[in-house]
Amino acid sequence: MTLALIVILPLLGSLLPLLFKNQGRSLCATMAMVAPVIGLALLWRHADAVFAGQTLIQSRPWLSELGLNISFRLDGLSFLFALMIQGIGLLVILYARYYLSKNDPMGRFFCYLQLFMSAMLGVVLSENLLLLMVFWEMTSLSSFLLIGYWSHSTDARKGARMALAVTGAGGLALLAGILLLGQIVGSYELTDVFAAGEQIRQHALYPVILVLVLLGVFTKSAQFPFHFWLPHAMAAPTPVSAYLHSATMVKAGVFLLARLYPALAGTDLWFYIVSSAGMATLLVGACTALFQHDLKGLLAYSTISHLGLITLLFGLDTRLAAVAAVFHIINHATFKASLFMAAGIIDHETGTRDMRRINGLLRFMPHTAVLAMVAASAMAGVPLLNGFLSKEMFFTETLEQHMLGNWSWLIPLGATLGGVFSVAYSLRFVHDVFFNGKPVNLPKYPPHEPPRYMRVPVEILVVMCLAVGLAPGFTVAGLLAVAAESTVSNALPEYSLAIWHGFNLPLFMSFAAMVLGILVYSLRRPLFDWYARQRDVDAKLVFEAAVQRLVRGAGQITLLLENASLQRYLLCLLLAALVVTGFWLLQLPALRGPVALTPIDGVTLAGAVLTMLSAVATAYWHRLRLVSLVTLSVVGLGVVLAFARFAAPDLALTQISVEVVTIVLLMLALFFLPARTPRESSGLRRGRDLIIALLCGALVGALAFAMLTRPYDSIADFFLANSVTGGGGHNVVNVILVDFRGFDTMGEITVLAIAAIAIYALIDGLRLRVPGADSLGKPWAQRGDLLMLVNLSHVLLPLALMISVYIFLRGHNLPGGGFIAGLITAVALILQYVASGEAWTAQRWPVNYHWLAGAGVLIAGATGVGSWAFGYPFLTSSFGHFHIPLVGEIELATAMLFDLGVYLTVVGATLLILANLGKLPQSRVVGGDF
Amino acid sequence: MSDASWVEWLVAALLLIGSVFALVGAIGLFKLPDFFMRLHGPTKASTLGVGALVLGSMVYFSAQSGSISLHELLITFFLFLTAPVSANMLAKAAMHEKLRREPRTRGEPWEQ
Amino acid sequence: MLDTVVLLCLGIICAALLLTFARLIKGPDLPDRILALDTLYINAIALIMLLGLYLDSNLFFEAALLIAVMGFVSTVAIAKHLLRGNIIE
Amino acid sequence: MKRPDRVFPHPWLSVSLLIGWLLLMNSVSVGNVIMAAVLATLIPWLTHVFWPRSPHRLRFGRLLIFACRVLSDIVLANLQVARLILGSRRRLRPAFVHYPLQLQQDFSISVLASTISLTPGTVSADISPDRSTLLIHGLDVGDEQALIEHIRQRYEEPIREIFECSTP
Amino acid sequence: MELLYAITLAVLTSCGVYLMLRARTFPVVVGLALLSYAVNLYLFATGRLGDAAPAVLGKAGVYADPLPQALVLTAIVIGFAMTAYALVLALRAQGELDSDHVDGKGDH
Amino acid sequence: MSHLPILPVLVPMFAGALLLVLGASMDTKRALSLLATFLQIPLAAMLVVEAGQGIGVYALGNWMPPFGIVLVVDRLSALLLLVTAILAAAAIIYAVRGDDAAGRNFHPLFQFQLMGINGAFLTGDLFNLFVFFEVLLISSYALLLHGAGSARVRSGLHYLLLNLTGSALFLIAVGTLYGVTGTLNMADMALRVRELDPADAPLVGAAGMLLLVVFGLKTAVFPLYFWLPRAYAAAGAPVAALFAIMTKVGLYSILRVYTLIFGADAGELANMALSWLWPLALVTLLLGAIGALAASTLSSLTAYLVVVSVGTMLAGLAIGTAESLQATLFYLMHSTWITGALFLLTGILQRVRGPRFSARLIAGPQLPHPMLLGGVFFLIAMSIVGMPPLSGFLGKLLLLGSAGQGVTAAWLYALVLGSGLLGLVALSRAGSTLFWRQSDQAATGEPVDGARMGAVLLLLAASPALVVMAGPLLSYLAQTAEQLLMPQLYIDAVLSLQPIAGGAQ
Ligand code: NA
Ligand code: NA
């Protein structure tokens, strides 16, 4: 897996600079070079094979069901790119060693750079499209870090975010496109995808896929109208720009265009979309570049323009155009990287990038000037330089294209126009910076040549421009051939890389571009004035405003939905329940089922009426809180009676006990809460609530009626049949609670214990105003002398305890049980608190209720675990009848031990809640209305 | 219980007495003019009413099971214990709230 | 006969229940309502005792006993709230 | 919890519990008696702290006689109250009566107040903070002094004899 | 009887829901209590209304379905725990926000 | 017999109760709580292994289904136990560094919370599920309010009251289901629903949908999620992190009930929830992303990311194929751990930035260890928005891949990818504000605590681990999805259980 190694090396290598960041800048930079150097060596090992036209595929299955395999591909195209990425990467590292200031954390820089390098290598070397996607997104992320490297600068942060947002969005579209592609092909391996090219283009989803993939490509390659992020990415340190915007990041887009060319190209749709985007980008970029006063801005737009050119070439969709495109990729990488570096040197030495201030630098840094001029000439397409060659091929190909019918001449015209501006801005770069009089007010004056080794990378690149331009056959031809061949995935037609093709139309176009370009440049003053008068559209501002608007809109939507109103949320919940339940209920053939109704008796009717009226009264009087509390108690009593009426004594017992504890709680709460509810909701709101309430009522009523009139076949018979033999108790409800479904009860007492400790936690630190008067403003009675109550409460306690024991013991066979017994004990103790006060009671009854509640749960749990000893599951009960002399037969069941746990938990939890709540105002008096 | 024994008559009488007393208590509660007067109805009549009912129930279940069932007495005992205290608490509350009294009431309650 | 008597008694208690409830609704003051509530509890005891007789089941004794206990406690709690605001001091 | 000074801190309570338990169980088996004895020991032991002062000597016989008297009064009183309630409400003569207490112990005062509430047309509305006066509301009071005298003779004296004979 | 029961449930639920849609904590808790009465009665009724005897095994012929009763018992206890917590949280809100509005809005 | 299935419930229960009983020092409590929590990991791992060999059934009290309550360990339950255990371990590591002392009873509440969650995952009984829901809810109310403060009280009140209403609906639903089918055991109920009289089916359908509303509230699906963002944002870091599993309890319940009881074999009621869930899931996804974009604190941003993850998972669930369920489960693991990590990291940032800046997305002071904090944030954010090579990317890939090429896929692609973009914008804005836009002043808050950071890293490490282990993991998940789509396996395993012979009964 040498290919994987090439990709992984920089990833590992990204740690080296971090490790050596304090060991000197040179060492740090050297360490950063380790990975690319090894990578280049590894790449070189495969060079022979690649140049022999072989495609090297190394694959290891990973998530094969997903189609995601670790497979890498090395062919001409990926070889070319891998070479550029690592080669130019090395130069950038060398350059950055001198570029970065002492204050810039160099280790971090090289770390990010290598992360990015790894991602780029991954993109170009992936055989699996999903794997490619992985690296694709990694380039977005790592470039985000690189662009935002000078994070203290607002421009850098915003530029980074913009780049990430745009390329990220494109990446998502690309992901969608690739997924669809993979689904159509049935594989994500490029080999399979190439083989299925025809199938893809015939598929109904081809337009969708093409658009999605192109969205990814265009955003990454800064094609119009997604080009706006690129100039703002110039906030990055110049080495980053030199790397990302010449050879790598933006080239990832055109790389993908080239990579998927065999699969996607060859249709009209491809031509129209790709070539028009390319043409538009070419022109917009070239025009705008001329008007940039920022040196890097000019280069940025020029980059856009050249990317447009490459895209246009791919769009022209001839195999020679593809060759030209690949060739221009190489050329652009070399001259643009060197130009960025030169710009960086100038920026470094003068302290500014404003071309209106930088003038006549030829005098100060002749060496750099020469290098920059050569590179700029290459950019302009001056003969004898590499740019000229590919541009000639470009012009040739535009002339070959007749897709537009009678309007086909527009393509070469546009190309020439692009050439014109390209010449003009190149000229501006040269003239405006190195000639054009004297510098104006430079921050650093006088500028010097940069350190020796900072210039080396530029020199190397410029030499390459020259070498390719002068002797393409010796230098680049082989590489170009294999790269282009693997791009079109086919044998290439004859083409010539000669400098001289004779006097032909392309040459004329070049000539025209040259002449007109000079003319345009000479007319720059009125043009600049004209441009300055144009409404200044700063893409960053527009983008930021758009994002701001998006965020604001998002905020509005969010606030609209989540207005922090419980009523709204409850309404949603209730409406949801009404809708979904109503939907099904309405499908019932008849609400009333087949079971005959039982007759109504007068007593039940009276009880029901009483209960309903009290409920209505509770709602009606809810603003008078104490009154509604009284009517609520009547409802509770009605429920108790209903339980009794329908043969559920245990429930009646439980309900009545819980009832009183709840009332005590409500009274305690009412002390601190306002006694009356203000009238707040409008009539409309009340009407709406009433309708919702009635609907909910109707729903529950309908459900109940439908269910009650239908037969059912219950598991209950089992409990009735097994209660005595299996559970040892005659009270089936209790046996269910402590045995058949003891696990529920276990959970239930835990809930109670949790509620108690939660309430304890909630009361801790609670500060409440203690009202000194009731709702009518009447002060409370003086220290209550509740003589009768105090005496009675003391008498009742032993009685109540005895009743508790009674209820507890008989629970298994008769109504009762630990829970009810616990509540009775608790209520008896609460009565002590009510009668004699918290302090008095706590002093005499210093029980740790935490402990009691915990012990209850522990006992119940331990009873359950006890059955393990006998090899039975948790909570398996056991009981036996024992004969004791004199006493007679008694029954002992482990379930009773469990019930004891229940009892203790109930007592502990209930008192933990009430006693602490009662303690509240004494310890935390803050202020009263006395 | 097809043929009415004396036990049955006793039970029936006790039940009727009890129910009627309970009703009287309720009537008192309903019709008497002020709170303090209404207080009398439930404290006594209803308490006794339930007492008689309980007694009836006790006799019935004792006769039915053949052994004396006395535990119902606890309810009566309990009501007799608590009714005065409830009345006391309510009266105190009423005095605290300075509830309207029937004008012809003689004597004054005191401030709470 | 006893069944008839029990039914009759149930009817009487229901009447008592409704009268008491009428007082609860009428008020006019809170102590009146609380008193009515307390009476309702007592009537409920009667009702449950009668129900036990009617169903010939002595399983309702505890329910009646507990209503007595709990009715008392809640009456006392509400009354104390009226008096002192804070029921556990 | 403090330990009680004696095994049976409140013997009468223990006896009551013993009887109460047997009542609850509806039977007097050996097992029940044992259980009752256990409870009669355990519960007072647990709850003695809530009974800071209790009548140490109690005349049980007199208590029994008194209880019977009160019971019969309750029955009679109820007939009377029923008549009052069902009769015309115009004829009622409601009154608040201030009853000067002679009893001194809280417990016996409570017992008296309770007794008054359970008997003819009277409800104990309140006890003055200094324990000197009992506020009674009567449903139909003809002569206040007669009522006070009646209560004194029929209830307060016996209660004093039952609970407070040991105290001056 | 079934219809009466269903209507009673409907009324309890309506009142409960109406109160829960109020803006102050106390009525909401009261509404919750009403709703849980309704729910408990509903759950209870799944064992059907009839003249069956309590599920205490003895002499009776037909016993009520004990399972819903056991479930209701659990539901009552849990409901109690929740109501208690809700109340104390309402107090906490009153203390922390100085308002008993369910959204913690000030009174003024 | 093996008692392993019940241990995930019993261990925290006993630990919680012991913590109440012991009047021990905070250190002892912490040690006990840590021990009990960490014990969950091997327990869950063993259950995962066991579940791989077959569905385990544990009959409580030796009462056979459908009469007694059973715990059922299938692949899904075991998986969720493991997810919970690891999340809880990180949360408790974080908590013992001081957050637990912000209020009373943190550790017992934490343990009971685990008990509730684990119980909900394990139980095979519908009413018992209700009980465990209540256990986990009451603990969560308390944990949410741990340390109190007005924001917590405000949102806690809403959370509580909504869920109380939800519990009422739950009971009505369970009641109706029992009232018609006569059983509570889910396997048995599934059988009885299949044989339902068509005249009764709509009634059961109504009850089933009511359950969906209840589960939807817990899962936080539109329009029932409104409570979540404020509540999660207000909660303390370890609590919020633990809450990352809470929505999954709802999701689990939906998965369980609507594959088992109302699955493909349920006659008229077959797959009845899916058509409702699909649009709601997409809306949830979108609104979650919109909320994330609008968030003004990192905590609420994270909370909205939870909503996004809910929408994503529900969408996968609603598609309902084996592949989409597999994707959902993978996404579940990923999103639980990674949002947990982000909640914890938010907590650290709040401490480091000090109370003045807290987690608000405004320019703050210089942070100590910028590389560490920023790097961890960057990785978490990457993973959450689905950037490769972390688990989020794989989750998204799986999900999108399972959608096919139809209209379904179009909606899913558009919303999943669109919300991913919104998330990307939101997180890049948040990250650049927190880590790049700093004033010159040094942080006034606390230094970075190593153990807290360790907790974050533990969860963060899960993300690459999920990718590295994706091969075997996905095959486990594929089998899990298959098991879910073949409820007969579950039913047979439960209803064929035999009692332990010679029982003491
Ligand atoms: Na210039
Ligand atoms: Na208090």
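Residues numbered from 1 in each chain as written. Chains lettered and ligands numbered in written order. Predicted model: local features only at pLDDT ≥ 70, side-chain atom pairs only at ≥ 80, totals over all residues. Heavy atoms only, no water.

By the naming in an unreviewed UniProt entry, chain C is Multicomponent K+:H+ antiporter subunit F, taken from Halopseudomonas aestusnigri. Reading the Subcellular location (unreviewed entry) entry of the UniProt record for chain C gives the comment "Cell membrane". According to UniProt, the comment filed for chain C under the heading Sequence similarities (unreviewed entry) is "Belongs to the CPA3 antiporters (TC 2.A.63) subunit F family." (UniProt positions renumbered as here; feature names shortened; annotations may be inferred.)

Per an unreviewed UniProt entry, chain B is named Multicomponent K+:H+ antiporter subunit G, and its organism is Halopseudomonas aestusnigri.

With that out of the way, let us pick up the overall build of chain C. When helices and strands are tallied, chain C shows three helices and zero strands. The order of helices and strands in chain C, counted from the N terminus, is α-α-α. Taken against the 2.2 N^0.38 rule, which gives 12 Å for 89 residues, the C-alpha radius of gyration of chain C at 15 Å runs more than 25% over that of a compact globule. Expressed as lengths along the three principal axes of its C-alpha atoms, the size of chain C is roughly 50 × 30 × 10 Å. Within chain C, the fraction of its 89 residues that count as buried is 80%. (Helix = DSSP H or I, 4+ residues; strand = E, 2+ residues; numbered from the N terminus. Rg over C-alpha atoms; globule rule 2.2 N^0.38 Å. Buried < 20%, exposed > 50% of the residue type's maximum accessible area, 1.4 Å probe, protein only.)

One pass over the structure, following the stated rule, counts 43 salt bridges over all chains. Linking Glu198(A) and Arg201(A) is a salt bridge whose minimum nitrogen-to-oxygen distance equals 3.1 Å. Linking Glu198(A) with Arg201(A), this pair stays in helix α10 (residues 197-202), spanning three residues, or about one helical turn. Residue Glu446(F) is joined to Arg351(F) by a salt bridge in which the shortest nitrogen-to-oxygen separation is 2.9 Å. Of this pair, Glu446(F) sits in the loop between β4 (438-442) and α18 (450-468) while Arg351(F) is found in helix α14 (residues 322-357), placing the two residues 95 residues apart along the sequence. Connected via shared salt-bridge partners are Arg73(A), Asp75(A), Glu127(A) and Arg259(A). (Salt bridge = Lys/Arg side-chain N within 4 Å of Asp/Glu carboxyl O.)

Protein ligation of the sodium ion (ligand 2) involves Gly918(A) (O), Asn86(C) (OD1), Asn86(C) (ND2) and Ile88(C) (O), the donor distances falling in the range 1.7 to 3.2 Å. Here the residue Gly918(A) occupies a position in helix α40 (residues 894-923), and Asn86(C) occupies one in the segment after α3 (61-84), the pair thus bridging two chains. For Gly918(A), a relative accessible area of 0% translates into the label buried. (Donors = N, O, S within 2.8 Å, 3.2 Å for Na, K, Ca; no water.)

Quick look at the side chain of Asp650(A) now. Relative to the elements of secondary structure, Asp650(A) occurs in helix α31 (residues 649-672). Buried charge without a partner: Asp650(A) forms no salt bridge, and the closest opposite charge is Arg810(A), 7.7 Å away. Ignoring any residue separated from it by four or fewer positions in sequence, one finds Asp650(A) in contact with Asn731(A), Val733(A), Pro815(A), Gly816(A), Ile820(A) and Leu73(E). (Lys, Arg positive; Asp, Glu negative; His and termini not counted. Contact = heavy atoms within 4.5 Å.)

Moving on, we get to the packing of aromatic side chains. According to the stated counting rule, one finds 62 aromatic pairs over all chains in the structure shown. Each ring, one from Phe107(D) and one from Phe163(D), has its centre 5.5 Å from the other, and the planes form 80°; the classification is edge-to-face. One end of the pair, Phe107(D), is in helix α4 (residues 106-118); the other, Phe163(D), is in helix α5 (residues 144-163), and 56 residues separate them in sequence. Using a relative accessible area of 7% as the deciding quantity, one classes Phe163(D) as buried. The rings of Tyr85(E), Tyr141(F), Tyr159(F), Trp227(F), Tyr232(F), Phe243(F) and Phe343(F) are connected pair by pair, giving a single aromatic cluster. (Phe/Tyr/Trp six-rings, centres within 6.5 Å; stacked < 30°, edge-to-face > 60°.)

Residues and elements named next belong to chain D. Across the six residues of strand β2 (residues 122-127), six count as buried, placing the element largely inside the fold. Sheet analysis places β2 next to strand β3 (residues 133-138), joined by five bridges and oriented antiparallel. Considered in β3, the bridge of Ser124 is made with Ile136. Adjacent in sequence and paired antiparallel, β2 and β3 are bridged by five residues, among which Arg131 carries a positive phi angle near 65°. (Pairing = 2+ DSSP bridges.)

Another aspect to go through is a positive patch on the surface. Taken together, Arg100(B), Lys26(C), Arg89(D) and Arg90(D) make up a surface patch of like positive charges. Tracing the sequence through the fold places Arg89(D) in the loop between α3 (60-86) and β1 (95-100). (Patch = residues over 30% accessible without salt bridge, like charges linked within 9 Å, V, L, I, M, F, W, Y side chains within 5 Å. Areas by Shrake-Rupley, 256 points an atom, 1.4 Å probe, with all protein chains shown as cover. Charge placed at Lys NZ, Arg CZ, Asp CG, Glu CD.)

Residues and elements named next belong to chain A. At their nearest, the axes of helix α17 (residues 295-316) and helix α20 (residues 386-400) sit 10 Å apart, and the two run at 40° to each other. By the angle between their directions, the pair α17 and α20 is classed as oblique. For the pair α17 and α20, the sense of crossing is left-handed. Residues Leu309, Leu312, Leu313 and Leu316 of α17 form the contact with α20, whose participating residues are Phe394, Glu397 and Thr398. (Axes fitted to C-alpha atoms, helices over the stretch in contact; angles between N-to-C directions. Parallel < 35°, antiparallel > 145°, perpendicular 65-115°, else oblique. Left-handed = near helix turned anticlockwise from the far one by under 90°.)

Moving on: the sheet that holds β1(D). The antiparallel open sheet is built from three strands, whose spatial order is β1-β3-β2 (chain D). Of all strands in the sheet, those with a lone pairing partner are β1 and β2 of chain D, marking the two edges. Neighbour-to-neighbour, the strand axes of the sheet open up by a mean angle of 30°, direction not taken into account. Contacting β2 and β3 of chain D, helix α3 (residues 40-65) of chain B crosses the sheet at an angle of about 125° to β2(D).

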